[in-house]
Amino acid sequence: MKSSVVGDSVEGDGLDLQCRKFTLHPPKKNKDLNLVVYPFKLSIFGYATVKKEFSKSETLVKETSGRNVGDEIHGETVGGFSAKAPSKPEVKHATSTHKASFITTRGQSFAFVEIGVRDHLQSLAGQGRVESESK
């Protein structure tokens, strides 16, 4: 399974999002960017992929963010925001056994890994809930 580390981020003029649980928070003013943003959270294996790159004059949220079309992050929990309201989640089959929510953002969008998949699995292993693979 591909995973990103905590703090990895992507940003662009539009993102494709996928997760099993999507939460959209009320809009709020981002003082750093001086615009109203729509914060969101992707839970249970969230994915964020850059759909559209920034024009060269766009303000960057984080210098190390992936900004090329196709750059992506994966995590157990992914947070972020978009400058315009994201699309309504479309729920459809993502795998043969699970459905997922598919969302697109428009305008300046940013997403970052809050909890990486590997971090989550290691915390479960520490609690004795997952067998260690290093036997």
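Quick look at the structure, then.

What counts, and at which threshold
- Residues numbered from 1 in each chain as written.
- Predicted model: local features only at pLDDT ≥ 70, side-chain atom pairs only at ≥ 80, totals over all residues.
- Heavy atoms only, no water.
- Helix = DSSP H or I, 4+ residues; strand = E, 2+ residues; numbered from the N terminus.
- Buried < 20%, exposed > 50% of the residue type's maximum accessible area, 1.4 Å probe, protein only.
- Contact = heavy atoms within 4.5 Å.
- Areas by Shrake-Rupley, 256 points an atom, 1.4 Å probe, with all protein chains shown as cover.
- Salt bridge = Lys/Arg side-chain N within 4 Å of Asp/Glu carboxyl O.
- Phe/Tyr/Trp six-rings, centres within 6.5 Å; stacked < 30°, edge-to-face > 60°.
- Lys NZ or Arg CZ within 6 Å of the ring centre and 35° of its normal.

**Quick notes on the overall build of the protein chain**
Next up, step 1: In terms of helices and strands, the protein chain carries 1 helix and 9 strands.
Next up, step 2: Starting at the N terminus and ending at the C terminus, the protein chain contains elements arranged as β-β-β-β-β-β-β-β-β-α.
Next up, step 3: Taking all 135 residues of the protein chain together, 36% fall into the buried category.
Next up, step 4: A fraction of 73% describes how many contacts in the protein chain between residues 6 or more apart in sequence connect residues 24 or more apart.
Next up, step 5: Accessible surface for the protein chain amounts to roughly 8,200 Å². Of this, 50% is attributable to carbon and sulfur atoms.

**Observations regarding the pattern of salt bridges**
Next up, step 1: Evaluation of the coordinates by the stated rule reveals 2 salt bridges.
Next up, step 2: Its salt-bridge partner being K41, residue E114 comes within 2.9 Å of it at the nearest N-O pair. Of this pair, E114 sits in strand β9 (residues 109–115) while K41 sits in strand β5 (residues 35–52), placing them 73 residues apart in sequence.
Next up, step 3: For E114, a relative accessible area of 27% corresponds to the partly exposed category.
Next up, step 4: Using a relative accessible area of 29% as the deciding quantity, one classes K41 as partly exposed.
Next up, step 5: Notably, a salt bridge pairs E90 with K92, separated by 4.0 Å at the nearest N-O pair.
Next up, step 6: Accessibility expressed as a relative area gives 37% for K92, which makes it partly exposed.

**Concerning unusual backbone geometry**
Next up, step 1: Of note, the phi angle at N34 is positive, near 60°, even though the residue is not glycine.
Next up, step 2: The phi angle at I44 is positive, at roughly 60°, despite the residue not being glycine.
Next up, step 3: Topologically, I44 is positioned in strand β5.

**A few points about the environment of Y47**
Next up, step 1: You can see Y47 is positioned in strand β5.
Next up, step 2: Linking Y47 and A111, residues 64 residues apart in sequence, is a C-alpha distance of 9.3 Å.
Next up, step 3: Setting aside residues up to four positions removed in sequence, Y47 forms contacts with D16, L17, Q18, L42, I73 and H74.

**A closer look at the packing of aromatic side chains**
Next up, step 1: Inspection of the entire model under this criterion finds 3 aromatic pairs.
Next up, step 2: Measuring from centroid to centroid gives 5.7 Å for F81 and F110, while their planes differ by 40°, and the two rings are tilted. Linking F81 in strand β6 (residues 72–82) with F110 in strand β9, this pair joins segments that are 29 residues apart in sequence.
Next up, step 3: Within the aromatic cluster, the residues linked to one another by ring pairs are F81, F110 and F112.
Next up, step 4: Over the ring of F102 we find K92, and its NZ or CZ is 4.9 Å from the ring centre.

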